[in-house]
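One-letter residues, chain by chain:
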Amino acid sequence: MAVLQKIRNRSGLLLLIIGFALLAFVVQDLFTNGLSQQSHDVGSVNGKDIAFEDFRVKVANLEKSEQGGQMTQTQAANQTWDIEVNKALLVDQFDKAGVRVGETFKLETFKKDPNIGANPMFQNKGKFDLNKFKEFFKNNPEQAKMFEQQEKDMELNGKFQIYNTMVKAGMYVTQVEGKFKYALEQDKVDFDYVGVMYSSIKDSEVKVTDADITAYMQKHEKRFKAEETREIEYVLVEDKPSNKDQEEAKAKLMALLNATVEYNKETGKNDTLPGFRTTTNVAEFVANNSDRSYDSTYVTKQQLPASAADALVNIPMGEIYGPYVDGDYYCLSKMMGRKANEKAKASHILISWEGIDRVQKKEKRTKEEAKAKAESLLAQAKANPGSFMMLALTNSDDSSAQQGGDLGYFGPNQMVKPFNDFVFNNPVGSIGLVESEFGFHIINVTDKQDGIRLATIAQKIQPSEATTNEAYTKATQFEMDAANGDFAKLAKKSGLKVESIKAKAMDEALGAAGNQRQVVKWAYTDDTAIGDVKRFEVTNVGHVIARLKKINPKGLTPIEDARPSVEGILKNEKKAQLIIAKMKRSSLEAIAKANKTTVMNIPAVTIESPMLPSVGMEAKVVGTAFGTPKNKISEPIEGLSGVYVIKTKAVTKAPKIAKYDEYVTRLKQQAAQNANRVIPTLRNAADIQDNRVEFY
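Residues numbered from 1 in each chain as written. Predicted model: local features only at pLDDT ≥ 70, side-chain atom pairs only at ≥ 80, totals over all residues. Heavy atoms only, no water.

Student: How should the overall build of the protein be read in this particular structure?
Tutor: Across its full length, the protein holds 24 helices and 24 strands. Since a compact globule built from 696 residues should have a radius of gyration of about 26 Å, the 37 Å found for the protein marks it as more spread out than a globular shape. Over its C-alpha atoms, taken along the principal directions, the protein stretches across nearly 115 × 90 × 75 Å. Buried residues in the protein amount to 36% of all 696 residues. In the protein, of all internal contacts separated by at least 6 residues, the share reaching a separation of at least 24 is 66%. Here the protein displays about 41800 Å² of accessible surface, and carbon together with sulfur accounts for 51% of that area. (Helix = DSSP H or I, 4+ residues; strand = E, 2+ residues; numbered from the N terminus. Rg over C-alpha atoms; globule rule 2.2 N^0.38 Å. Buried < 20%, exposed > 50% of the residue type's maximum accessible area, 1.4 Å probe, protein only. Contact = heavy atoms within 4.5 Å. Areas by Shrake-Rupley, 256 points an atom, 1.4 Å probe, with all protein chains shown as cover.)

Student: What is the right way to read the environment of arginine 517 from this model?
Tutor: Inspection of the secondary structure assignment puts arginine 517 in helix H19 (residues 517-523). We classify arginine 517 as buried; its relative accessible area is 11%. As a C-alpha pair, arginine 517 and isoleucine 461 span 56 residues in sequence and 28 Å in three-dimensional space. When residues no more than four places from it in sequence are discounted, the contact partners of arginine 517 are Thr74, Ala505, Met506, Asp507, Glu508, Val693 and Tyr696. Here alanine 505 takes part through its backbone oxygen, which lies 2.7 Å from a polar atom of the side chain of arginine 517. (Polar contact = N/O pair within 3.5 Å; in protein donor to acceptor, adjacent residues only side chain to side chain.)

Student: Just to check I follow, could you spell out the packing of helix H10 (residues 210-219) against helix H20 (residues 559-580) for this structure?
Tutor: In a packed pair of helices, the relevant descriptors are the angle between the two axes and the axis-to-axis distance. It is the contact of H10 with H20, at a shortest axis distance of 9 Å, that shows an interaxial angle of 95 degrees. By the angle between their directions, the pair H10 and H20 is classed as roughly perpendicular. Two secondary-structure elements touch here, H10 through Asp210, Asp212, Ile213, Thr214, Tyr216 and Met217 and H20 through Ile559, Ala562, Arg563, Val566, Ile569, Leu570, Glu573 and Lys574. Considered class by class, the residues forming the contact of H10 with H20 number eight nonpolar, one polar and five charged. (Axes fitted to C-alpha atoms, helices over the stretch in contact; angles between N-to-C directions. Parallel < 35°, antiparallel > 145°, perpendicular 65-115°, else oblique. Nonpolar A, V, L, I, M, F, W, Y, C, P; charged D, E, K, R; others polar.)

Student: How should I be thinking about the nonpolar core in this particular structure?
Tutor: Nonpolar side chains in soluble globular proteins tend to end up buried together. In terms of nonpolar packing, the biggest core is built from 25 residues, with Val42, Phe55 and Tyr696 touching the most fellow members. Those elements that place two or more of their residues in this core are strand S1 (41-45), helix H3 (52-65), helix H4 (73-97), helix H8 (141-169) and helix H24 (678-685). Looking at which element gives the most residues to this core, the answer is H4, with seven residues. When residues no more than four places from it in sequence are discounted, the contact partners of valine 42 are Ile50, Ala51, Phe52, Phe55, Trp81, Gln689, Asp690, Asn691, Arg692 and Phe695. (Core = buried A, V, L, I, M, F, W, Y, C linked by side-chain atoms within 4.5 Å.)

Student: What's the story with unusual backbone geometry in this structure? I'm lost.
Tutor: Note that the residue after glycine 322, namely proline 323, is joined by a cis bond; omega there is 5 degrees. Positionally, proline 323 belongs in strand S10 (residues 320-326). Positive phi, close to 70 degrees, is recorded for asparagine 413, a residue that is not glycine. Within the fold, asparagine 413 resides in the loop between strand S12 (406-410) and helix H16 (417-425). Its relative accessible area of 65% is what places asparagine 413 among the exposed residues.

Student: Can you walk me through the pairing of S1 in this structure?
Tutor: Of all five residues in S1, four are buried, a share of seventy percent or more. When S1 meets strand S2 (residues 48-51), the two strands line up antiparallel, connected through four bridges. Bridge pairing in S2 places aspartate 41 opposite alanine 51. Between S1 and the antiparallel strand that follows it, S2, lie two residues; asparagine 46 among them carries a positive phi value of about 50 degrees. As paired strands, S1 and strand S24 (residues 688-690) are joined by three bridges and run antiparallel to one another. Of the residues in S24, the one forming a bridge with serine 44 is glutamine 689. (Pairing = 2+ DSSP bridges.)

Student: Any chance you could explain the packing of aromatic side chains here in plain terms?
Tutor: Think of a pair of aromatic rings as described by two things: how far the centres are apart, and how the planes are tilted against each other in angle. What the rule picks out here adds up to 17 aromatic pairs. Residues phenylalanine 55 and tyrosine 696 carry aromatic rings whose centres are separated by 6.1 Å and whose planes lie at 65 degrees to one another, so their mutual orientation is edge-to-face. Of this pair, phenylalanine 55 sits in helix H3 while tyrosine 696 is found in the segment after S24, placing the two residues 641 residues apart along the sequence. A residue is classified by how much of its surface remains accessible, and phenylalanine 55, at 1% relative accessible area, is buried. Between phenylalanine 276 and phenylalanine 285, the aromatic rings sit 5.8 Å apart at their centres with planes inclined by 20 degrees, giving stacked as the arrangement. Judged by relative accessible area, phenylalanine 276 falls into the buried class, the value being 0%. Taking relative accessible area as the criterion, phenylalanine 285 reaches 9% and is therefore assigned buried. One aromatic cluster in this structure is built from Phe52, Phe55, Trp81, Phe695 and Tyr696. Between lysine 334 and the ring centre of phenylalanine 276, over which it is positioned, the NZ or CZ distance is 5.1 Å. The lysine or arginine in question, lysine 534, covers the ring of phenylalanine 536, its NZ or CZ lying 5.6 Å from the ring centre. (Phe/Tyr/Trp six-rings, centres within 6.5 Å; stacked < 30°, edge-to-face > 60°. Lys NZ or Arg CZ within 6 Å of the ring centre and 35° of its normal.)

Student: It is not clear to me how helix H23 (residues 661-672) should be interpreted in this structure. Could you clarify?
Tutor: An α-helix turns once per 3.6 residues; consequently, residues spaced three or four apart project the same way. Taking 1.5 Å per residue as the helical rise, H23 with its twelve residues ought to reach 16 Å, and the 16 Å between its terminal C-alpha atoms agrees with that figure. Within H23 the residues assigned to the buried category are Tyr663, Val664, Leu667 and Ala671. For H23, the angular spread of the buried residues around the axis is 100 degrees, confining them to a single face. Those residues of H23 that are buried lie in contact with helix H9 (175-186). (Expected span 1.5 Å × (residues − 1). Arc of directions from axis to C-beta.)

Right, here's the structure in full:
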């Protein structure tokens, strides 16, 4: 008792000490984790920081703008990062090049914006008035602040247009280059050769070591640059319904079929409640008893679950079919109604004419010419309906041409009226011609489906509490055992499959478990070491138990990743040395005899198309033939498919022509594509620091 009294007397002091300890812990955590992160930038480009707060707002806005909510936060962060890095790189280039956007450009951009240029508030006698525009923002500072960002984006876009024009202007092609292109295509060489293929030596006769692969990657460092990756192996303990859970869900659903008796406390009597068979208010019954809401729309066969579609469309009126499984539900469906021709399927060939701008036409034609062509195609289609797909593919001006004109299924009034009327007023197999605002349509009605209206009660098949507890116990036990045991052996013993991924810092995909950013982020935290194991609960999936298997630092691609593409190259190099040793002879015939092959002749081949029959492309061989003196035997040439020795017989130079404009034009088209390489080139040369993993 005396001890208890002393504790009571000093309780105030004890609470004060505990309070200070907790405060110290919170303050320390705030400084080590909170403030350090808040003051941190999400990254930098060539020494210029990208502030996290601004970046966070842009990520959130991008997430919100995505239709259907399909974009994850990680995806939004990755996309925003690419935009911000590209913007920083380009702005730096704009400054170096002295690119500026004048007031005239801004004014013209304002005019083109329908929200500004066509706004009556900013017009004077039907024309955009800059003074009215400026006056509005002068009197409305809040709107002016919102407009500032739009103006910055517009100015940035203007600078990019100027910069891009400058880059493209630098991609010029000279007549000399055109002449060289002409020579590559038209100069021809005739030569004999002996080739010994790499395939003549078994792969087992040469060995490629890890050191060989590393040396090759170091020699071609740019091709084998790799970001840091972390190898994660994991197992998935699914929290899914057991057989017992499925049977219970099925039984619960079947109990709704017939009437039930229930005691009514208010009346003191038993009430008979109608079942699904006898209810007179089906919609209300479904609303009160189903895990899916009542749907009064008509559906066609292809919209129904494939496993039950045939049975469902043939239910007699008022009768019930089931139970059947539809995804995660057991279902019972009652036939409520039918409607003929609810959906139709058709193919068409669209022939448009000049003046219809909404259609990308394959050729120029007048309306009269379009009609004549459409009537000709109609006659061909009627004479041979099986040719409709090919006629659409080769003639239609509609994008559906790539599908042979197939438009899929559609409902009444989804197409323009003339098209709709023909399809829904004619039987399957009908082929006809109609005119619409898009042009002339040759139509083939390929299918029609009746619609049915079903009332469906559904019971979701989900794991019981006992099943969920069992999965939790299994997962936690595996986590504890794997912390100090063999991950693979334990998984096999537990009947679990080990999966593995190589994840970059901002990845989130985790195989069958879907997007699990939390797992990848854990693998990249400073506290996680190789061999560490952690369990993660995944909603609607179960438990992921992950182990950090390996860390691949930034630098060269890991050897096991490079091996599939490099090993074959190195094996051929080693085989080449074995082949070359057998090619030291005085004549092609002697070389051929020593290697049990024959001398081949290649007549009139060009550098632009260096094809060796039965072998493939061998540019190095053909190029050597052009540069080897006539009748002289070359040194062995290591080609793509084998080792070759050649003897040039004749080089035929193409005749001179007055101009090389055709070849210059072709080179210009190729050069124009080089403008797209600006940003990748800038990124490769930039010093980019990426700290996103600390925030996302």
